[in-house]
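# Secondary and tertiary structure notes
Given next are the chains, with one letter for each unit.
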Amino acid sequence: MLTDALSGLAEAFTNLIFGKLETQRLPVRTSTRQAQAVYLPTAAPGLGDSGVIIGREVYSGKGYIYDPFQLYGQQLPAPHWLVLGESGNGKSSLEKTYVLRQLRFRDRQVVVLDAQGEDGVGEWDHIARALGITPIRLEPGTHHGADNRIRLNPLDPAITQTGQLALLRTIIEVATGRPLEERAGYALKAAHARVREEAERAGRQPLLTDVVEALRNPTWEAADSMNVSLEEVRNWGLDVALVIDRLVDGDLAGMFDGPTTQGIDLDAPLIVFDLSRIDRNSIAMPILMAVVGVWLEHTWLRPDRIKRIFLVEEAWHIINSPFVAQLFQRLLKFGRRLGLSFVAVVHHLSDVMEGAAAKEAAAILKMASTRTIYAQKAEEARATGRVLGLPRWAIEIIPTLTPGIAVWDVNGNVQVVKHIVTDIEKPLVYTDRAMTESARERAVRKMAEQAAQNGAPPPGSGDAVPRQDTTRVGA
């Protein structure tokens, strides 16, 4: 009782001195700019309202919109993007939704090098087919009768003579792991020139098999121009011929040993190169990256005002090879004039910064004005932060990030962003079934698949797994 009396007395005294606390105040009219000054936590500058929605900023709750083509020249010195993070944290779903949302603009085109997959196909297969597009599946293998594999010809006439020779040199340097010697380089140059002339007279595409034959049997003109014997020129080109022979009759045959396959639609909104059947740790991967990169440079990039996105999964295969990295450096510099945004996806920065191509990797990373970093271990986060120049608070928060949340650094504008996937997108972007299905779901799915193969109806409707929605997206 005494306590209540004292409390009431104190409230009465306060009201007498300061006025009644519960007062009504007139509403205040203000602008957004003025309100930001009052509510400082929400005043961080955004990236504008033009582009594709990524999600929302974690601390302010604002929507996060990003588009390198809109920001280029104003807030971005280059439209290229680096995505980092360990598996299972949301890199894959971010890439896929980003592409799907970009494709809703009519002046967008995307090429994806899809190096991951399950069930014998790349993980972009479902998205491509939902858009009515057949992925370009490249796989090595020997000839067996009627061979209908997709091929890309490194000597395609669409590629300039200089580009063809540079590509041949890169293939050999990647395969041998060392720069091409001058004498071997001369033998290759002479063989290439001869092959081009003979193919042009015959009205057909020059092929790698022609180059191997020309290296094994050089002409007297090639020897005379260097004032050496025919046998010496043959010896200079022997190792080169052996390397190229792997692409023709060896373990890498079936991808580059014929004319470029007809029917590859370079005007399609999405072009997917399915590399999932190629050993990611084999020499075939960087060679394939080089061939595809140069082929796209000469056949896909055009000054037609189309904004193009070139997304490379497992990009450390590119950045970790000095010879391939140099080709892609040129592609990035050249493509910037033609509206190209290069998206490199890697797990760990140390994979490339401590590799054989550290110098080239640093140059490519410098071109990436946008960096998205998902969860990493504390030590890896500190190393990443040092290389990328991230603020201390961002480095400290990276190990604590949960799946779907990442640190975004857009030319110094650093935010923590939660990626949002819509219900329509979920069936298309979540492809890691082995990691997300329960044991019961996997068992039911296997039973349904076996029943379908045997022509029987699936197990009881109560156990049936819903079919994935293949609604056309971006149409």
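Residues numbered from 1 in each chain as written. Predicted model: local features only at pLDDT ≥ 70, side-chain atom pairs only at ≥ 80, totals over all residues. Heavy atoms only, no water.

This paragraph deals with the packing of helix 11 (residues 284-299) against helix 13 (residues 322-336). Between helix 11 and helix 13, whose axes approach to 10 Å, the crossing angle comes to 25°. Accordingly, the angle class assigned to the pair helix 11 and helix 13 is roughly parallel. The two elements helix 11 and helix 13 meet at a crossing, and its hand is left-handed. Taken together, the residues of helix 13 that come into contact with helix 11 (itself represented by P286, M289, A290, G293, V294 and E297) are V324, L327, F328, R330, L331 and F334. Here the residues of the contact of helix 11 with helix 13 are counted per class, giving nine nonpolar, one polar and two charged. (Axes fitted to C-alpha atoms, helices over the stretch in contact; angles between N-to-C directions. Helix = DSSP H or I, 4+ residues; strand = E, 2+ residues; numbered from the N terminus. Parallel < 35°, antiparallel > 145°, perpendicular 65-115°, else oblique. Left-handed = near helix turned anticlockwise from the far one by under 90°. Contact = heavy atoms within 4.5 Å. Nonpolar A, V, L, I, M, F, W, Y, C, P; charged D, E, K, R; others polar.)

Now for helix 10 (residues 230-248). The largest bend in helix 10 is about 40°, located at L238. Every buried residue belonging to helix 10 is among L230, V233, W236, G237, V240, A241, V243, I244, L247 and V248, and all of these are buried. On its buried face, helix 10 sits against helix 6 (161-176), helix 7 (182-202), helix 8 (208-216), helix 9 (220-224) and helix 11. (Bend = angle between axes of the 7 residues up to and from the residue. Buried < 20%, exposed > 50% of the residue type's maximum accessible area, 1.4 Å probe, protein only.)

Taken as a whole, this structure holds one cavity of 30 Å³ or more when the rule is applied. Approximately 50 Å³ is the volume attributed to the largest cavity. Lining the largest cavity, in full, are H80, W81, L82, I319, L332, F342, A344, I364, L365 and A368. If you list the elements that add at least two residues to the lining of the largest cavity, you get strand 3 (80-84), strand 10 (340-346) and helix 15 (358-367). Per-element accounting of the lining of the largest cavity gives the leading share, three residues, to strand 3. (1 Å grid on protein atoms, 1.4 Å probe; cavity = no way out; pocket = protein on both sides within 12 Å on 5 of 7 lines; lining within 4 Å. Points joined across faces, edges and corners; volume = space filled by probe spheres on them.)

Take the pattern of salt bridges next. Using the criterion set out here, one finds 20 salt bridges in the structure. Among the ionic pairs, K377 bridges to E86, the shortest N-O distance being 3.4 Å. With a gap of 291 residues between them, K377 in the loop between strand 11 (368-373) and helix 16 (378-388) and E86 in the loop between strand 3 and helix 4 (91-102) connect regions that are remote in the sequence. With relative accessibility at 57%, the residue K377 sits in the exposed group. Under the relative-accessibility criterion, E86 is labelled buried at 19%. One network of salt bridges, with partners in common, ties together D125, R129, R137 and D274. (Salt bridge = Lys/Arg side-chain N within 4 Å of Asp/Glu carboxyl O.)

To continue, consider the nonpolar core. Grouped together as the largest cluster of nonpolar side chains are 100 residues, with contacts concentrated most on L113, L188, I244, F273, L275 and F310. The element contributing the most residues to this core is helix 11, with 11 residues. What I244 contacts, discounting residues up to four positions off in sequence, is I172, L188, L208, V211, V212 and L215. L47, V83, Y374 and W408 belong to the second-largest nonpolar core, a separate cluster that totals 37 residues. (Core = buried A, V, L, I, M, F, W, Y, C linked by side-chain atoms within 4.5 Å.)

Quick look at the sheet that holds strand 2 (residues 63-66) now. Reading across from one edge, 2-1-13-12-11-3-10-9-4-8-7 is the order of the 11 strands in this open sheet, with mixed pairing throughout. The sheet is open, and its two edges are formed by strand 2 and strand 7 (136-137), each paired on a single side. Those strands touched by helix 15 are strand 3 and strand 11, and its axis lies near 95° from that of strand 11. Against the sheet, helix 16 touches strand 3, strand 11 and strand 12 (405-410), its axis set at about 165° to strand 11. (Pairing = 2+ DSSP bridges.)

One can find E313 in the loop between strand 9 (307-312) and helix 12 (316-319). There is no salt bridge for the buried E313, and the closest opposite charge comes from K96, which lies 6.2 Å off by N-O distance. Polar contacts involving the side chain of E313 include one to the side chain of W124, which spans 3.0 Å. Excluding residues within four positions of it along the chain, E313 makes contact with E95, L113, D114, A115, Q116, E123, W124, M289 and V345. (Lys, Arg positive; Asp, Glu negative; His and termini not counted. Polar contact = N/O pair within 3.5 Å; in protein donor to acceptor, adjacent residues only side chain to side chain.)

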